[in-house]
Amino acid sequence: MTSPYRMPDNPQVPRPLRSRLLLDFERFKTGLPAELPAFVRERYGMDLTAEYAGRRIRLPFGKASGQLSMTAAEVQADGDAQLGFVVLKTVIAEDAAGRRSMGAWAIHETAMRVEPIASASLRRGWTVTWKGRGWDRSFDDYLALYREALEIGSALDMPVAASVKYHLPGGERGEEGEEGEEGEEGEEGEEGEGGFRVEEYEYTTRRIAEVGGRGAIIEKDFSPTLAGDDRALARENVLRWIREVPRLVSRAARVTLGLKLMNALFDDAFQVEILRAAQTSGADFLVCFNRLYDPVKQVAYGGWDLSDRNLRVLDMVPASPFALRPSLSATGNICSGRMMTEYALRGASSGQIHTFFQVPLSEYPATAGSRPARALHALLFHPEEGLIAWMAHLGETGELSPRDGFLHFLDIAHERARHSA
Ligand SMILES: Cc1cc2nc3c(=O)[nH]c(=O)nc-3n(C[C@H](O)[C@H](O)[C@H](O)COP(=O)(O)O)c2cc1C
């Protein structure tokens, strides 16, 4: 087992680099350089190139699926801010007749509350409280958004992924969860193999692949509300989903598939089992791990409890497999470059963010620009919490060695894997 990595409270940054960072942090409060990765390469000797879904991306920070990737204007703003990638809101799978067995996830809910949350470790973070679930408009509307987002992404060299919630059966072969669970919008459909509604997998995947072509990326969302659903109560059932889903998707069309894994309501040891099952499932990449679920309040939440758990679980698996395949995109309380570094040290080649793009404007040190741009400013240039400071720290302490004269973000995961192998 890998020994848990502990980062110190403050980064050790060589004095001349720190002076540059302080200067840049101040002057970029009103706007970032136009060619951000090239600027960082030149000025700091750092290569921020990262990887998402097998694609090289300019820097590791992307937008996670959710309420902030529902319109083409949002995707355009993300590209203009120079984010690494965008994952669109999750759509609920359907068959050719429009039947959605997971229709209960397509509810319309607008009220979202962004609020501070204290963790068990007594740190103050942010969470978004929201009772909604998936995309609540038509699948055709979703495909239109996807098409437009791909055009924007390809013009700005930014991968855009679709996100789908496919049907998942209950514990007994073919049995659904609670009666009525599928009822609200979905209708009974024919059950396919092992209880999976195969028609929904096929139809939804094919239509997405028609729009995205060979380059289509799909994240399969195992959401926190699903963790609280009756059908997730049987551990073996959860593992069965993870093993089966990649096969069902890849049979429908050739796409790059990521499994966005939920934090199940079981202990850490089971979370590791989920991870291991996912690593050998045939998925192309994993997203670890979606928000925690509070079964009493019946809401998903984030903050430090989320990142504490995610990092703890990732520490329980040997790092080396992640330095190879499938690649790992981290999610959960990435509100600083420091947290991105924590995940990279455990194998992540990119990080996906929701909450930090939604916090009050007063939380960003930047004073102008879109939220993604202000967030990137802090994520990269913050003198104590930013990625540049922490990459410099790893370079200074010998945990990251320069290659071709540069410190490479992607080497963080690889070097750590090498040392702990
Ligand atoms: C309001 C809200 C809606 C979300 N909707 C989705 C979704 O539709 N699909 C999905 O895969 N994840 C969804 N998520 C999870 C985020 O994509 C992200 O993985 C998670 O919030 C952890 O990142 P964070 O701590 O930066 O928020 C949502 C999160 C929030 C806060």
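Look above for the structure.
Definitions and cut-offs
Residues numbered from 1 in each chain as written. Predicted model: local features only at pLDDT ≥ 70, side-chain atom pairs only at ≥ 80, totals over all residues. Heavy atoms only, no water. Axes fitted to C-alpha atoms, helices over the stretch in contact; angles between N-to-C directions. Helix = DSSP H or I, 4+ residues; strand = E, 2+ residues; numbered from the N terminus. Parallel < 35°, antiparallel > 145°, perpendicular 65-115°, else oblique. Left-handed = near helix turned anticlockwise from the far one by under 90°. Contact = heavy atoms within 4.5 Å. Nonpolar A, V, L, I, M, F, W, Y, C, P; charged D, E, K, R; others polar. Salt bridge = Lys/Arg side-chain N within 4 Å of Asp/Glu carboxyl O. Buried < 20%, exposed > 50% of the residue type's maximum accessible area, 1.4 Å probe, protein only. Core = buried A, V, L, I, M, F, W, Y, C linked by side-chain atoms within 4.5 Å. Expected span 1.5 Å × (residues − 1).

1. Quick notes on the packing of helix H5 (residues 198–212) against helix H7 (residues 235–252)
Okay, step 1: At their nearest, the axes of H5 and H7 sit 8 Å apart, and the two run at 50 degrees to each other. By the angle between their directions, the pair H5 and H7 is classed as oblique. Handedness of the H5/H7 crossing: right-handed. Of H7, the residues touching H5 (which contributes Val-198, Tyr-201, Glu-202, Thr-205 and Arg-206) are Val-245, Leu-248, Val-249, Arg-251 and Ala-252.
Okay, step 2: Classifying every residue of the contact of H5 with H7 gives 6 nonpolar, 1 polar and 3 charged.

2. Describing the pattern of salt bridges
Okay, step 1: By the definition in use, this model includes 20 salt bridges.
Okay, step 2: Note that Arg-99 is salt-bridged to Asp-95, the shortest N-O span being 2.9 Å.
Okay, step 3: Judged by relative accessible area, Arg-99 falls into the partly exposed class, the value being 29%.
Okay, step 4: Exposure remark for Asp-95: the relative accessible area of 5% places this residue in the buried category.
Okay, step 5: Through salt bridges with shared partners, a single ionic network connects Asp-24, Arg-27 and Arg-43.

3. Section: the nonpolar core
Okay, step 1: With 126 residues, the main nonpolar core has Phe-61, Phe-222, Leu-259, Leu-261, Leu-380 and Phe-381 as its most contacted residues.
Okay, step 2: Every residue in contact with Phe-222, bar those within four places of it in the chain, is listed here: Leu-168, Trp-241, Ile-242, Val-245, Leu-259, Lys-260, Leu-261, Met-262 and Asn-290.

4. Side note on helix H9 (residues 304–315)
Okay, step 1: Helix length check: H9 (12 residues) gives 16 Å between terminal C-alpha atoms against 16 Å at 1.5 Å per residue, within 8%.
Okay, step 2: Buried within H9 we find Leu-306, Ser-307, Arg-309, Asn-310, Leu-311, Val-313, Leu-314 and Asp-315.

5. Focus: H5
Okay, step 1: Across its 15 residues, H5 extends 21 Å between first and last C-alpha, which sits within 8% of the 21 Å expected from 1.5 Å per residue.
Okay, step 2: Those residues of H5 that sit buried are Val-198, Glu-200, Tyr-201, Thr-204, Thr-205, Ile-208, Ala-209, Val-211 and Gly-212.
Okay, step 3: In the stretch just after H5, Gly-213 is the one whose phi turns positive, near 65 degrees.

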